Number of protein chains: 2
Amino acid sequence: MSAEQRRASVLAAAVEEFAHGGLTGTSTESIAARAGISQPYLFRLFPTKKALFIAVVEQVFRRTATHFERAAGELTGSEALDAIKLSYWELFTDQTYLLTQLQAYSSCYDPDIQAATRGGFRELWETATRLTGLPFEDISQFFAHGMLINVIAAMDLPAIGEQWAQLLCAPDVEPANPTG
Amino acid sequence: MSAEQRRASVLAAAVEEFAHGGLTGTSTESIAARAGISQPYLFRLFPTKKALFIAVVEQVFRRTATHFERAAGELTGSEALDAIKLSYWELFTDQTYLLTQLQAYSSCYDPDIQAATRGGFRELWETATRLTGLPFEDISQFFAHGMLINVIAAMDLPAIGEQWAQLLCAPDVEPANPTG
DNA sequence: CAAGGTAGTGAGTGGCCACTACCTTTCCCG
DNA sequence: CGGGAAAGGTAGTGGCCACTCACTACCTTG
């Protein structure tokens, strides 16, 4: 297998591991094991653990942006936004991306990670703005709801039976302008 | 100093340290140093590092709820919610609580931490509901915006000069029912 | 002043873990 | 078919860190 292919598979393994443990709570050992290579060889493919983490963060944000683009298709305006909202809920089934996002935010004390996270968030923001053409206020509300979804996934609220939790997990796209 | 007082001061030190590094990225050494005690004595006051982290999480959520109650005062309805919104923005000046919340969410892979975090979130949710008496939809939007504020604090968006970032950091309480 | 309890510390210890040095295999190309 | 680069592994190593143990200083109470 070529080094480039290996790098990709290591990246895929790292996303899964980092999503749960974060940068400091995940060992390179476990990533290597999941990728099916020896742990030292991982350092031939990525110079440092932090660099691998940053690569993971960048990939997750970029793929989420691509996910948005596919969801919007040829739509524009609030129709595009509704489609993107639904597509974000789709990520709930495999929570990896949502959890990785949280790990990125909570690791922002490190300047390099903060820079990467800002860049990813910015890319996401600009993608949503470009695809919908909607004003700041709508984009802001969409992202706010997205961040709420992230923590709902982290706490695994669907698993607890209480009503408010269940309501939160219903992917209803509420009307943008509630009449009244 | 009594053990109870020490416990409180250790807790205060731990909030600061955990807010930046999270559970796995923070050493008990640094917490003890900040609290002004020896590292072994920390384990006389808290049985384990994780237990200390959970105590921190519980305290932060409870204090945030208290913060809400003070902000609402005698107000009810959307007036109470607006007051609470502003009070949450106040936490931005000392971002410790917001960052700790993020650390809690991103550490939820551990079942004990997940349980504590769920409890804290639930307490916050019920406090907001009780104080305002507003329906689910309003509370949900408030929390969504709150989660967005958390990640804005983590990424320190006020520090970057771009327009969208600046707009996000303006604590305007948008009207609950935009006319039209 | 004896006796016991409480606050607090110095000196470990065992394990994990990021990262390194060096060796082996494979395979392509002239 | 020889050689060299690239893929990959084995065996460390040094440092950090959660947690323990054995001990001291002090304070209260009878």
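Keep in mind it's a predicted model, so treat the numbers as computed, not measured.

Enquirer: Got a sec to walk through the side chain of Ser106(B)? Specific residues and values, please.
Expert: Checked against the element boundaries, Ser106(B) lands in helix H6 (residues 96–106). Ser106(B) sits in the buried class, given a relative accessible area of 8%. Of note is the side chain of Ser106(B), whose polar atom sits 3.1 Å from the side chain of Ser106(A). In this structure, Ser106(B) is in contact with His20(A), Leu102(A), Gln103(A) and Ser106(A), ignoring residues within four places of it in sequence.

Enquirer: Explain the protein's contact with DNA strand D to me, using residue names and the numbers behind them.
Expert: The full set close to DNA strand D counts 17 residues, and Arg44(A), Thr28(B), Gln39(B), Thr48(B) and Lys49(B) are the nearest of them. With respect to DNA strand D, the side chain of Gln39(B) contributes an N or O atom lying 2.8 Å from a base nitrogen. Within the side chain of Thr48(B), one N or O atom sits 2.9 Å away from a phosphate oxygen of DNA strand D. At four residues, the largest contribution of residues to the surface near DNA strand D is made by helix H3 (residues 39–45) of chain B. Taken together, the residues that form the surface near DNA strand D break down as seven nonpolar, six polar and four charged.

Enquirer: Describe the protein's contact with DNA strand C, naming the residues involved and giving the relevant values.
Expert: The full set close to DNA strand C counts 17 residues, and Thr28(A), Gln39(A), Arg44(A), Lys49(A) and Ser38(B) are the nearest of them. When atoms of DNA strand C within 4 Å of the protein are split into backbone and base, the sugar-phosphate part holds 64%. Thr26(A) is positioned with one of its backbone polar atoms (N or O) 3.3 Å from a phosphate oxygen of DNA strand C. Between DNA strand C and Ser38(B) there is a distance of 2.8 Å, counted from a phosphate oxygen to a side-chain nitrogen or oxygen. Within the residue set of the surface near DNA strand C, elements represented by two or more residues are helix H3 (39–45) of chain A together with helix H1 (3–21) and H3 of chain B. Take the surface near DNA strand C: its biggest share by element is four residues, from H3(A).

Enquirer: An account of the pattern of salt bridges is needed here, citing residue identities and associated values.
Expert: Counted by the stated rule, this structure contains 14 salt bridges over all chains. Across the pair Asp112(A) and Lys50(A) runs a salt bridge whose closest N-O atoms are separated by 2.7 Å. On the criterion of sequence distance, the pair formed by Asp112(A) in helix H7 (residues 111–132) and Lys50(A) in helix H4 (residues 49–72) is long-range, its members being 62 residues apart. A salt bridge links Arg7(B) to Glu4(B), with the nearest nitrogen and oxygen atoms 3.5 Å apart. One end of the pair, Arg7(B), and the other, Glu4(B), are both in helix H1, three residues apart, so they sit about a helical turn from each other. Note on Arg7(B): relative accessible area 26%, which makes it partly exposed.

Enquirer: Run through the nonpolar core, naming residues and quoting values.
Expert: Core analysis: the biggest nonpolar cluster contains 130 residues, and Phe121(A) and Phe121(B) have the highest contact counts within it. Excluding anything up to four places from it in sequence, Phe121(B) contacts Leu148(A), Met155(A), Leu157(A), Trp164(A), Leu168(A), Phe61(B), Tyr105(B), Phe143(B) and Met147(B).

Enquirer: Give a detailed account of the relation of the copies chain B and chain A, specifying residues and quantitative values.
Expert: Aligned on chain A, chain B shows an RMSD of 0.0 Å; the corresponding rotation is 180° and the shift along the axis is 0.0 Å. Both copies are brought into coincidence by an operation consistent with a two-fold rotation axis. Rotation axis and chain B: the residue whose C-alpha lies nearest the axis is Ala144(B), separated from it by 2.4 Å. When you check the interface residues of chain B against chain A, 100% turn up at the interface there too, and the contact is symmetric in its surfaces.

Enquirer: I'd like to hear about the packing of helix H6 (residues 96–106) of chain A against H7(A), residue by residue, with values.
Expert: All names here are of chain A. Packing of H6 against H7 leaves a shortest axis separation of 9 Å and a crossing angle of 130°. Judged by the inter-axis angle, H6 sits oblique to H7. For the crossing formed where H6 meets H7, the hand is left-handed. Of the residues in H7, those in contact with Gln 101, Ala 104 and Tyr 105 of H6 are Ile 113, Thr 117, Phe 121 and Leu 124. Class assignment for the residues of the contact of H6 with H7 results in five nonpolar, two polar and no charged.

Conventions adopted
Residues numbered from 1 in each chain as written. Chains lettered and ligands numbered in written order. Predicted model: local features only at pLDDT ≥ 70, side-chain atom pairs only at ≥ 80, totals over all residues. Heavy atoms only, no water. Helix = DSSP H or I, 4+ residues; strand = E, 2+ residues; numbered from the N terminus. Buried < 20%, exposed > 50% of the residue type's maximum accessible area, 1.4 Å probe, protein only. Polar contact = N/O pair within 3.5 Å; in protein donor to acceptor, adjacent residues only side chain to side chain. Contact = heavy atoms within 4.5 Å. Near = heavy atom within 4 Å. Nonpolar A, V, L, I, M, F, W, Y, C, P; charged D, E, K, R; others polar. Salt bridge = Lys/Arg side-chain N within 4 Å of Asp/Glu carboxyl O. Core = buried A, V, L, I, M, F, W, Y, C linked by side-chain atoms within 4.5 Å. Least-squares fit on C-alpha atoms with pLDDT ≥ 70 in both. Axes fitted to C-alpha atoms, helices over the stretch in contact; angles between N-to-C directions. Parallel < 35°, antiparallel > 145°, perpendicular 65-115°, else oblique. Left-handed = near helix turned anticlockwise from the far one by under 90°.

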